[in-house]
Amino acid sequence: MSDHNTFLEMRQIYLNRHAWTSQQKSLNKIPRVGFICRLTPVELILASRAIPVELFGERKQPLSAGAYMESNVCPFARNILDDALIGRYGYLDAVIVPHSCDVVTKIIDFWKAYVQTPPVYQIWIPHVVSDHAVAGLKQELYRMAEWFTRTLGLDISSQSLRTAIQVINTSRRLLRQLHRGCQEGKVQGSEFLAAALSRGIIAPEQWNQMVAGIVETLNDGKMGTSAVRLLLSAAAMEDFQVIDTVEKLGGSVVLHEYCDGYRSCRADILEEGDPWLQVASHYVRETLCPRFYQPGLRLELVREMVSTTSVDGAIAYALANCDCYQFEEMALTETLEGLGIPTISLHTNYEAQQNEQMFTRLEAFFEIVQGGSKTWQRQCQ
Amino acid sequence: MATPMPVTTQLTRVKALEATRACGKLIKKFYQDAHEGKAQGKKVAWCGVRVPIELLYAMDVIPVFPEHFATYCAAKKVAVSLCERAESAGYSSDLCSYARCVIGHVLAGESIEAPAGGLPTADFFLVTTTTCDTRVKWFEEMARITGKPIHVLELPYGRDTFAGEDPLDSYYVEYHAREIENLIPFLEQQTGNRFNEKRFKEALRLSQEAHQLLLEVYELRKTVPCPMGSGDMFTDMFPNMYLCGTQAAVDFNRQLLVEVKSRVDSGTGVVNPEKFRLMWGNLPFWYNLGLFNYFDVFNGAIVIETSYYIPIPVDPNDPFRGMARKVLSNPGNCSLSSFSRLSKKFAMEYKVDGAVLAYNRSCRPLYAIQMGIQRFLEEEVGIPVVLLESDMADERNYSDAQVKTRLDALVEVIRAKKG
């Protein structure tokens, strides 16, 4: 199989990300700019010579956010705010919040009012996929660059942006290779997730080196076998609970259709031409997040994924109170079941007691899947 | 806390405005006309809020509004049945209750009786990205279910540009103006009707006139005692949200202004004498608009609401940018700080003693900021605030006893504060 030690190291870095990042910063003094959600054009952060640090929710009972947001607010956003309120992001020099969805958009308001430092910037991202939207986002990128200069004293030039695009494209290519490794049984789903999540924490060049080392050994590895091969479709997939449970039950997630997974690496940014335009075009056209208006494109991606890699079932995993994903869940489930792929919907609000429920539901799902898709099709009729 | 006793001074509760009663008839006529127009072969567009309907009226399209229809269903007590229909098809009960209600209506067809004969069948869908992502996904889903075309207009998120304290972002104004222009070829294709600039400008002129009349009404509502409460306004917002660009809206607002002015001239308030004044934040509970009268017995009135207020009327001389400016100034498109500033401005100008904020559990973008607004009003403005947890259309989340206990507590605090 794969290089377990590096994957384990990446998993530990992600799980201890606050302490790890603080320590790294104390060593190299390079500014850290936080970002929420893969809709953020991280190339600009890197082009400013800062290191992008992704902010994740964490499955826990919030300590302070309850005084600002009620319990039915998206747990991912709420728990990021909680970490900010209790001072876990002291190592950040700035935070970028994209206008990605209704609740993430509102985090910036609370951050400005009650966290206050470090400075926060909001970038508007259009919803309608069009040339007009690309032009609109390009304008927003210029504004964001101006803000970096004005607020942080960090300049972003076209040349530094081109270099940053190359570095992040390398990360994308490496993550794609790991994803291919999952499909071929050479990388476990939990290992892929460790790599995908740590990509938001470790400096891109460093992460590229670590993963390049793994990729070199992939061809030497043996093909693993798994009784149940699954597609995991989700928004934020910020903890290991689902994939660890699948593996405990003897299955494997071989297709990772979520924000930090395959969707974040499936396409490179074009390295020729105007780099500002190419970054804008990429984030508008290639992100395939349900918050965009692009009917059917994400479903096409899912169809393409399952047509090239056989799976026995699918998990549609959504955060509670996430309208964008929950609306698309209907069409997603219909699409997958139309292809004869049994699909289970799991929703989470980060409550600890859900872990056992999830185990039980997945266990039952495995029995159905192992009973054969014909049985499932009969049940669906 | 014990229930506060009603005041013992003589109370005169003034009935709803005549204009509000007339509005009920206007709403019925709106739906009747829509069905008749559809039967005559006109195209029906199901529209989200802030779609440039002046353009639609100028192009002989019949706009109908799923959001309004959901409020209508809630008021007529059928929203829950329709939500349940959607939930039985697999839609999560976490989703926006307006969306569940109307999707339930689409799925149920005539099997669940809906008010006004239901919405006339859509020929196409129009929606903007203002306020929430949910609406776009909801309309996208309805287009998927029905197989009808949809056009989405992008409205840049307004950040902090509301309330005239900051100039509107000129790039965003240009951006949305182009989006409105780009709607014209879609409408021409769907309807076969050509765009007529003269008719469009006339619709904009009517929109501006109606809006200016409405802003005069807002000014008069600052009077003590308050001549028009939120209970009336949440009904009377109908022509101002859905009939912009028509003579009917102008006529309605003119009648409303005359009546409100008459009350001001005679010193007549919603309650007489008026002992305290409140502000309402967020969408009302449409199935229980009677709640706005709850404070009558305490001689209190809800005198202003932050929903549906738009500060900038359209400028007919600069049609597309003018429409974009109007829509971008809509507080629903803005941040917590913008909403907080609007709440503070209203609290001061309307001299309120407290605020009632609705925490509508399925309205994502608005509920996420309610606790922030509450803190802001308490800390920055120094007024007591109560947060009512329920939902705008799904009555299953409403508890009358809990709501009234909280309102009673608010009355106690205000009384103690006023001495």
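Residues numbered from 1 in each chain as written. Chains lettered and ligands numbered in written order. Predicted model: local features only at pLDDT ≥ 70, side-chain atom pairs only at ≥ 80, totals over all residues. Heavy atoms only, no water.

S.K.: Summarise the overall build of chain A; cite the residues concerned and give the values.
M.R.: If you tally the helices and strands in chain A, you get 15 helices and eight strands. A compact globule built from 381 residues would reach a C-alpha radius of gyration of about 21 Å, and chain A, at 20 Å, matches this within 12%. Overall, chain A is about 60 × 50 × 45 Å in size when its C-alpha atoms are taken along their principal axes. Here chain A holds 381 residues, and 63% of them are scored as buried. (Helix = DSSP H or I, 4+ residues; strand = E, 2+ residues; numbered from the N terminus. Rg over C-alpha atoms; globule rule 2.2 N^0.38 Å. Buried < 20%, exposed > 50% of the residue type's maximum accessible area, 1.4 Å probe, protein only.)

S.K.: Any chance you could break down the overall build of chain B for me, citing the residues and the numbers?
M.R.: Scanning chain B from N- to C-terminus turns up 15 helices and ten strands. Its C-alpha atoms give chain B a radius of gyration of 21 Å, within 12% of the compact-globule value 22 Å for 419 residues. Dimensions of chain B, computed from the C-alpha atoms along their principal axes, are close to 65 × 50 × 35 Å. Buried residues in chain B amount to 63% of all 419 residues. Put simply, of all contacts in chain B between residues at least 6 apart along the chain, 80% involve residues at least 24 apart. Summed over all atoms, the accessible surface of chain B reaches about 14900 Å², with 50% contributed by carbon and sulfur. In chain B, which carries 48 positive and 51 negative side-chain charges, the distance between the mean positions of the two groups comes to 2 Å. (Contact = heavy atoms within 4.5 Å. Areas by Shrake-Rupley, 256 points an atom, 1.4 Å probe, with all protein chains shown as cover. Lys, Arg positive; Asp, Glu negative; His and termini not counted. Charge placed at Lys NZ, Arg CZ, Asp CG, Glu CD.)

S.K.: Account for helix H4 (residues 79-88) of chain B, with residues named and values stated.
M.R.: All names here are of chain B. Those residues of H4 that sit buried are Ala 79, Leu 82, Cys 83 and Ala 86. Buried residues of H4 fall within an arc of 100° about the axis and therefore sit on the same side. Buried residues along H4 sit in contact with helix H3 (66-75) and helix H5 (97-108). At the exit of H4 stands Gly 90, carrying a positive phi of roughly 115°. (Arc of directions from axis to C-beta.)

S.K.: For the confidence of the model for chain A, give the residues involved together with the corresponding values.
M.R.: Per-residue pLDDT for chain A has a mean of 91; in total, 94% of the residues score no lower than 70. Below a pLDDT of 50 lies the segment residues 374-381 of chain A, which in the model reaches eight contacts outside its immediate sequence neighbourhood of four places, other chains included. (pLDDT = per-residue confidence, 0-100.)

S.K.: Now, about the interface of chain A and chain B: what can you tell me, with residues and values included?
M.R.: The partner chain B presents 53 residues to the 47 residues of chain A that form the contact. Interface of chain A and chain B: buried area, both sides summed, is about 4300 Å²; carbon and sulfur atoms make up 53% of it. Interface area lost by chain A to chain B is led by Trp124(A), His132(A) and Phe327(A), which between them contribute 17%. Here chain A and chain B share four salt bridges between them. We note a salt bridge from Arg364(B) to Asp323(A), for which the minimum N-O separation is 2.4 Å. Applying the counting criterion to the chain A and chain B interface returns 24 residue pairs in polar contact (both at pLDDT 80 or more). Elements that contribute at least two residues to the side of chain A that touches chain B include exactly helix H5 (102-115), strand S4 (120-123), helix H6 (131-152) and helix H13 (323-338) of chain A. Of the residues that constitute the side of chain A that touches chain B, the class distribution is 24 nonpolar, 13 polar and ten charged. (Buried area = accessible area lost by both parts, 1.4 Å probe. Salt bridge = Lys/Arg side-chain N within 4 Å of Asp/Glu carboxyl O. Polar contact = N/O pair within 3.5 Å; in protein donor to acceptor, adjacent residues only side chain to side chain. Nonpolar A, V, L, I, M, F, W, Y, C, P; charged D, E, K, R; others polar.)

S.K.: An account of the sheet that holds strand S9 (residues 354-360) of chain B is requested, with residue identities and associated values reported.
M.R.: Pairing between the strands of a sheet is mediated by backbone hydrogen bonds and can be parallel or antiparallel. Residues and elements named next belong to chain B. Read from one edge of the open sheet, four strands run S8-S7-S9-S10, paired in parallel fashion. The two strands at the open ends of the sheet, each matched to only one other strand, are strand S8 (300-305) and strand S10 (385-390). On average, adjacent strands in this sheet sit at an angle of 30° to one another, irrespective of strand direction. Pairing between strand S7 (residues 276-281) and S9: four bridges, direction parallel. (Pairing = 2+ DSSP bridges. Axes fitted to C-alpha atoms, helices over the stretch in contact; angles between N-to-C directions.)

S.K.: Lay out the sheet that holds strand S5 (residues 228-234) of chain A with the relevant residues and their values.
M.R.: Residues and elements named next belong to chain A. As summarised here, the arrangement of the four strands in space is S6-S5-S7-S8, forming an open sheet in which the pairing is parallel. Only two strands of the sheet have a single partner each, and these edge strands are strand S6 (251-257) and strand S8 (343-348). Between one strand axis and the next, the sheet turns by 25° as a mean value, whatever way the strands run. Together, S5, S6, strand S7 (313-319) and S8 form the strand contacts of helix H14 (residues 354-370), whose direction differs from that of S8 by roughly 175°.

S.K.: Now, about helix H14 (residues 370-381) of chain B: what can you tell me, with residues and values included?
M.R.: Between its terminal C-alpha atoms H14(B) stretches 15 Å, which fits the 16 Å expected from twelve residues at 1.5 Å a residue. Listed as buried for H14(B) are Gln370(B), Met371(B), Gly372(B), Ile373(B), Gln374(B), Phe376(B), Leu377(B) and Val381(B). Those residues of H14(B) that are buried are in contact with H5 of chain A together with S7, helix H12 (336-349), S9, helix H13 (364-367) and S10 of chain B. Looking one or two residues beyond H14(B), the residue adopting positive phi is Gly382(B), at roughly 80°. (Expected span 1.5 Å × (residues − 1).)

S.K.: Can you lay out unusual backbone geometry for me, pointing to particular residues and giving the numbers?
M.R.: Residues and elements named next belong to chain B. Of note, the bond from Val 224 into Pro 225 is cis; its omega dihedral lies within 30 degrees of zero at -5°. On the secondary structure map, Pro 225 appears in the loop between helix H8 (197-220) and helix H9 (230-242). In this structure, Pro 273 follows Asn 272 across a cis peptide bond, with omega equal to 0°. Counting through the fold element by element, Pro 273 comes out in the loop between strand S6 (271-272) and S7. You will see that Asn 282, though not glycine, has its phi angle at about 85°, which is positive. With respect to the element layout, Asn 282 can be found in the loop between S7 and S8.

S.K.: Describe the side chain of Glu54(B), listing the residues and the values that go with them.
M.R.: Tracing the backbone shows Glu54(B) in helix H2 (residues 53-58). Relative accessible area serves as the criterion here: at 2%, Glu54(B) is assigned to the buried category.

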